[in-house]
Amino acid sequence: MSLFKNIFSSKKKENLNKGLEKTKTSFFSKMTKAVAGKSKVDDDVLDNLEEVLVSSDVGVDTTLKIIDRIEARVSKDKYVGTEELNRILREEIANLLSETHIGNAIEFTIPKDKKPYVIMVVGVNGVGKTTTIGKLAYQFKNQGLKVVLGAADTFRAAAIDQLQVWADRVGISIVKQNMGSDPASVAFDTLSSAVKQNADVVIIDTAGRLHNKVNLMNELTKIKRVMQKVVDHTPHEVLLVLDGSTGQNAFEQAKQFTKATEVTSLAVTKLDGTAKGGVVIGISDQFQIPVKYIGVGEGIEDLQVFNKHEFVDSFFNISD
């Protein structure tokens with residue numbers, strides 16, 4: 001049994017396996033058809049594999065990169081049987097993820113030299129942004145950290161109310177103002193309060209609108225500028241939340257938000273309800289931004305730190 005299996009709890013692993021079940025079943029059903037009647041990996045198999053990857057929402061650019069790598073290995077080894085294709089594909093996906101993900105975190109941790117550690121969360125409405133913030137706050141609190149939430153999505157009253165529900169559920173403080181208030185003012189108050197409370201982590205929610213990229217950019221820039229009046233060099237992290245079940249739409253959202261602001265990490269949610277889990281691989285590779293968290297269920301424990309080894313392990317259902 002490998003070291004990371006010992007570290008990664010059996011419960012988390014079970015949840016991850018369950019969360020990726022639809023993606024895995026769909027993927028390997030397509031893979032079986034792709035190699036049907038073939039004993040070796042040839043051009044036809046590679047063409048079929050390309051279709052499988054694209055239809056699994058890995059994305060065209062990332063798919064071509066994977067196919068090129070497999071093609072190079074097939075050319076080098078001269079003869080590669082189709083029974084070896086799963087292993088080679090698994091290795092190349094793992095290699096691809098390793099190029100984007102530095103380290104391989106197991107727990108929810110923050111840098112000890114930044115206090116409070118400030119996370120600004122961005123993403124369109126409906127992707128699970130507020131739920132992700134709540135679950136993230138819960139996990140940080142479980143690590144013994146003091147967390148403060150900032151309800152800077154003042155565009156929707158529901159967003160403020162939902163964040164309040166999570167603050168109450170987790171048992172942490174929240175800073176909020178009335179609907180329509182200046183989001184930057186909320187962020188300023190949140191950081192000021194966090195400093196007074198000697199908090200370890202601050203999580204700032206922001207409005208999930210993409211109707212006008214210029215307005216979004218201006219708003220996020222203003223929030224950053226105002227926060228830096230309280231704590232230098234904040235936010236320390238800009239976390240973009242994406243709904244994994246939307247497939248290619250998640251790519252488009254990532255493209256828009258990375259143009260509007262500097263995104264430093266990703267959370268991909270709702271992987272349990274979709275067969276489009278390949279989007280994690282494609283987005284990670286295409287945008288060269290690490291996927292830090294994944295949502296694999298509705299439970300409060302079902303937001304997990306993304307572990308590339310475990311993801312690939314669950315995706316390919318390795319039993320050894």
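Residues numbered from 1 in each chain as written. Predicted model: local features only at pLDDT ≥ 70, side-chain atom pairs only at ≥ 80, totals over all residues. Heavy atoms only, no water.

Chemist: How would you summarise the overall build of the protein chain if you had to cite specific residues and measurements?
Modeler: Counting secondary structure elements, the protein chain contains 13 helices and eight strands. Compactness check: the protein chain gives a C-alpha radius of gyration of 21 Å against a globular reference of 20 Å for 320 residues, within 12% of the reference. Dimensions of the protein chain, computed from C-alpha atoms along their principal axes, come out at roughly 65 × 40 × 30 Å. For the protein chain, the proportion of its 320 residues judged to be buried stands at 53%. Of the roughly 14000 Å² that the protein chain leaves accessible, carbon and sulfur atoms contribute 49%. Positive and negative side-chain charges of the protein chain, numbering 41 and 41 respectively, have mean locations separated by a distance of 5 Å. (Helix = DSSP H or I, 4+ residues; strand = E, 2+ residues; numbered from the N terminus. Rg over C-alpha atoms; globule rule 2.2 N^0.38 Å. Buried < 20%, exposed > 50% of the residue type's maximum accessible area, 1.4 Å probe, protein only. Areas by Shrake-Rupley, 256 points an atom, 1.4 Å probe, with all protein chains shown as cover. Lys, Arg positive; Asp, Glu negative; His and termini not counted. Charge placed at Lys NZ, Arg CZ, Asp CG, Glu CD.)

Chemist: So what about the nonpolar core? Which residues, and what values?
Modeler: Counting residues in each nonpolar core, the largest one holds 103 residues, and the members touching the most others are F140, L149 and I203. Residues contacting I203, with those up to four places away along its chain left out, are I119, V121, I133, L136, A137, F140, V147, V148, L149 and G150. (Core = buried A, V, L, I, M, F, W, Y, C linked by side-chain atoms within 4.5 Å. Contact = heavy atoms within 4.5 Å.)

Chemist: Before we move on, can you summarise the packing of helix α3 (residues 21-34) against helix α4 (residues 43-55) with the specific residues and values?
Modeler: Where α3 meets α4, the closest approach of the two axes is 9 Å, and the angle between their N-to-C directions is 165°. For the element pair α3 / α4, the angle class is roughly antiparallel. Here the hand of the crossing between α3 and α4 comes out right-handed. On the side of α3, the interface is formed by F27, K30, M31 and A34, while α4 contributes V45, N48, L49, V52, L53 and S55. The class makeup of the residues in the contact of α3 with α4 is seven nonpolar, two polar and one charged. (Axes fitted to C-alpha atoms, helices over the stretch in contact; angles between N-to-C directions. Parallel < 35°, antiparallel > 145°, perpendicular 65-115°, else oblique. Left-handed = near helix turned anticlockwise from the far one by under 90°. Nonpolar A, V, L, I, M, F, W, Y, C, P; charged D, E, K, R; others polar.)

Chemist: Before we move on, could you go through the side chain of T261 and cite the residues and values that matter?
Modeler: Among the structural elements, T261 can be located in the loop between α11 (248-260) and β6 (265-269). According to the relative accessible area criterion, T261 is buried, its value standing at 8%. Apart from residues no more than four positions distant in its own chain, T261 is found in contact with L220, K224 and V238.

Chemist: Just give me the short version of the packing of aromatic side chains, but keep the residues and values in it.
Modeler: The tally for this structure, following the rule as stated, stands at nine aromatic pairs. Residues F28 and F316 carry aromatic rings whose centres are separated by 5.6 Å and whose planes lie at 75° to one another, so their mutual orientation is edge-to-face. Here F28, found in helix α3, pairs with F316, found in helix α13 (residues 308-316); they are 288 residues apart in sequence, far enough to count as distant. Grouping residues by exposure puts F28 and F316 together as buried. These aromatic residues form a ring-pair network of at least three members: F27, F28, F306, F311, F315 and F316. (Phe/Tyr/Trp six-rings, centres within 6.5 Å; stacked < 30°, edge-to-face > 60°.)

Chemist: Please provide a residue-by-residue account of a nonpolar patch on the surface, values included.
Modeler: The grouping of V54, V60 and L64 at the surface amounts to a nonpolar patch, some 220 Å² of accessible area in total. With respect to the element layout, L64 can be found in helix α5 (residues 60-77). (Patch = residues over 30% accessible without salt bridge, like charges linked within 9 Å, V, L, I, M, F, W, Y side chains within 5 Å. Salt bridge = Lys/Arg side-chain N within 4 Å of Asp/Glu carboxyl O.)

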